[in-house]
Amino acid sequence: MNLYERSLNYLFNHFGKAMSDSVLLRVRYRTVFHKPLHLKDPRTFNEKIQWLKLYDRNPEYHEMADKYAVRNYISRVLGEKYLIPLLGVWQKAEDIDFNSLPDQFVLKCTHDSQSIVICHDKAKLDKEEAVRRLGEALKIDYSVLGREWAYHGIKPCIVAEELLTDESGDDLKDYKVFCFNGEPKFIQVDYDRFKGHKRRLYTTDWKLMETKITYPDDADLVMPKPVFLDELLEISKKLSKDIPFLRVDCYITEKQIYFGELTFYPGCGFEPITPDTDDVVWGEWLKLQKGTKK
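What you are looking at is a predicted structure, and each value in this text was computed from that prediction instead of being measured. Per chain, residues are indexed from 1 in the order of the written sequence. Where local features are concerned, this predicted model is filtered to residues with pLDDT of at least 70; where side-chain atom pairs are given and counted, the filter is 80 or more; whole-chain, interface and lining totals use all residues. Water and hydrogen atoms were dropped before computing side-chain values, which therefore reflect all heavy atoms in the structure.

Here's the deal with the overall build of the protein
As a reminder, the rule being used: Counting from the N terminus, the helices are DSSP H or I runs at least four residues long and the strands are E runs at least two residues long. We compute the radius of gyration from the C-alpha atoms alone; for a globule the expected value is 2.2 Å times N to the 0.38, where N is the number of residues. The rule is simple: take the accessible area with a 1.4 Å probe, protein chains only, and divide by the maximum for that residue type; under 20% is buried, over 50% is exposed, in between is partly exposed. Contacts: residue pairs with any heavy atoms within 4.5 Å of one another. For the purpose of charge, His is not counted, nor are the chain termini; Lys and Arg are scored as positive and Asp and Glu as negative. Each charge is placed at NZ for Lys, CZ for Arg, CG for Asp and CD for Glu.
The number of helices and strands found in the protein is ten helices and eleven strands. The C-alpha radius of gyration of the protein comes to 19 Å, within 12% of the 19 Å expected for a compact globule of 294 residues. Here the C-alpha coordinates of the protein stretch approximately 55 × 45 × 40 Å along the principal axes. Within the protein, buried positions represent 51% of all 294 residues. Pairs at least 24 residues apart make up 62% of the contacts formed inside the protein by residues separated by at least 6 positions. Charged side chains of the protein number 45 positive and 48 negative; the gap between the two group centres comes to 6 Å.

Structure follows, in structure tokens:
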């Protein structure tokens, strides 16, 4: 997140409370896309994500969006084998018990998808900076900042999980399956997230797409088809059943798939898609539920 984005987030987080949901979303949408947001007749993917924030309010989403509570949800729906081993849970950043943690671990807040601390060597970790960053993140209410309704009412805390790495010891790629009305349509792969974030998209039969979302790609990189691709698509379909849109985020090691998180509003619905014609195509895939207020 650059300085401009952080500044906008600060303004909306501190002054957006005075705005109604629809007004704030219209203002933020125009700020990003430089055009009006159509809520009465949304057509594009990003417009429909804004619509879903306002009108698709299934109470079950709160558990699914909470990165601690969702572990129980995944256990019920898929089974515990997909869960990353849990190392600790704390309500406040200053309460983190670093002495109880192994040399390598991950710390993350349960109410967002950006505040994360990756520790490869506890002896070299700047613990004070980690506590500061996570403490600041706990203060942000995403149900206010971007009106991401699924986060409404979540009591933020910090969890520690086992650090997963690939065979080379590097951080794992993040496989994000975009599911429209219960059907996986494509996979976003994020890699080198903490070295120079890169991203590319693949079809469900692992053909590279030309579409770009925010981050660049290494054109010459050869990314082999994941061994567990079919299983990844199967569990994504199961988790997204009867939901208008859901992104299922997972990690894949040499031995198995691990669940990451469930995302209802990718990029808060404010990530430009290139070419913008794909924003329209994805919008056609996303069928809004009939009988729901527009």
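Quick word on the packing of aromatic side chains
Quick reminder of the rule: Two rings belonging to Phe, Tyr or Trp (six-membered ring only in the last case) form a pair when the distance between their centres is within 6.5 Å. Interplanar angles under 30 degrees mark stacking, angles over 60 mark edge-to-face geometry, and anything in between is tilted. When the NZ atom of lysine or the CZ atom of arginine is within 6 Å of a ring's centre and also within 35 degrees of its normal, the charge is said to sit over that ring.
For the coordinates displayed, the defined rule picks out 20 aromatic pairs. On the basis of an interplanar angle of 40° and a centroid distance of 6.4 Å, the ring pair of Tyr175 and Trp206 is categorised as tilted. Taken together, the residues Tyr175 in strand β5 (residues 174-180) and Trp206 in the loop between β7 (198-203) and β8 (212-213) connect sequence positions 31 residues apart. Both residues of the pair, Tyr175 and Trp206, count as buried. A ring pair is formed by Phe264 and Tyr265, whose centres lie 6.1 Å apart and whose planes are at 45°; its orientation type is tilted. Accessibility assignment for this pair places Phe264 and Tyr265 in one class, buried. The structure contains a cluster of three or more aromatic residues connected by ring pairs, namely Phe45, Phe178, Phe180, Phe186, Phe245, Trp282 and Trp285. Across the ring face of Trp285, the terminal group of Lys185 is positioned such that the distance to the ring centre comes to 4.9 Å.

Regarding the sheet that holds strand β3 (residues 116-119)
Applied cut-off: Two strands are said to pair when DSSP picks up at least two bridges between them. Think of each axis as a best-fit line through the C-alpha atoms, taken over the contacting stretch in the case of a helix, with angles from 0 to 180 degrees between the N-to-C directions.
Taken together, the four strands give an open sheet; going across it, the order is β1-β4-β2-β3, and neighbouring strands pair in antiparallel fashion. Of all strands in the sheet, those bounded by a partner on one side alone are β1 (86-90) and β3. The sheet shows a mean angle of 15° between the axes of neighbouring strands, taken without regard to direction. Bridge count for strand β2 (residues 105-109) against strand β4 (residues 158-161) is four bridges, and the pairing is antiparallel. Its bridge partner being in β4, Lys108 is matched across the sheet by Val159.

Observations regarding unusual backbone geometry
Going from Thr274 to Pro275, the amide bond is cis rather than trans, its omega being 0°. Tracing the backbone through its elements, the reader meets Pro275 in the loop between β11 (273-274) and α10 (277-285). The residue His34 is not glycine, and still its phi comes out positive at about 60°. Under the relative-accessibility criterion, His34 is labelled exposed at 66%.

Looking at the sheet that holds strand β6 (residues 183-191)
Reading across the sheet, the five strands line up as β7-β6-β5-β9-β10 and stay open at both edges, with antiparallel pairing between neighbours. The two strands at the open ends of the sheet, each matched to only one other strand, are β7 and β10 (257-263). For this sheet the average axis-to-axis angle between neighbouring strands, irrespective of direction, equals 25°. With six bridges joining them, strand β9 (residues 245-252) and β10 adopt antiparallel strand pairing. By the bridge assignment for β10, Arg247 is matched with Thr263.

Here we look at the nonpolar core
We apply this condition: To define a nonpolar core, start from buried Ala, Val, Leu, Ile, Met, Phe, Trp, Tyr and Cys residues and group those joined through side-chain atoms within 4.5 Å.
Phe45, Ile74, Leu262 and Phe264 are the most contacted members of the largest nonpolar core, which totals 55 residues. Apart from the residues lying within four places of it in its own chain, the contact partners of Leu262 are Met64, Val70, Tyr73, Leu239, Leu246, Arg247 and Val248. Ranked by size, the runner-up nonpolar core spans 17 residues in total, among them Trp90, Phe98, Ala130 and Ala137.

Some points on the pairing of β6
The element β6 is extensively covered by neighbouring structure, given that seven of its nine residues are classed as buried. Here seven bridges tie β5 to β6, and the two strands are oriented antiparallel to one another. For Lys176, the partnering residue across the bridge sits in β6 and is Gln188. Counting the residues in the hairpin turn of β5 and β6 gives two residues, including Asn181, whose phi is positive at 50°. One ladder, built from six bridges, connects β6 with β7; its direction is antiparallel. Bridging across to β7, Val189 finds its partner in Arg200.

Function-wise, these values are silent; they only describe arrangement.
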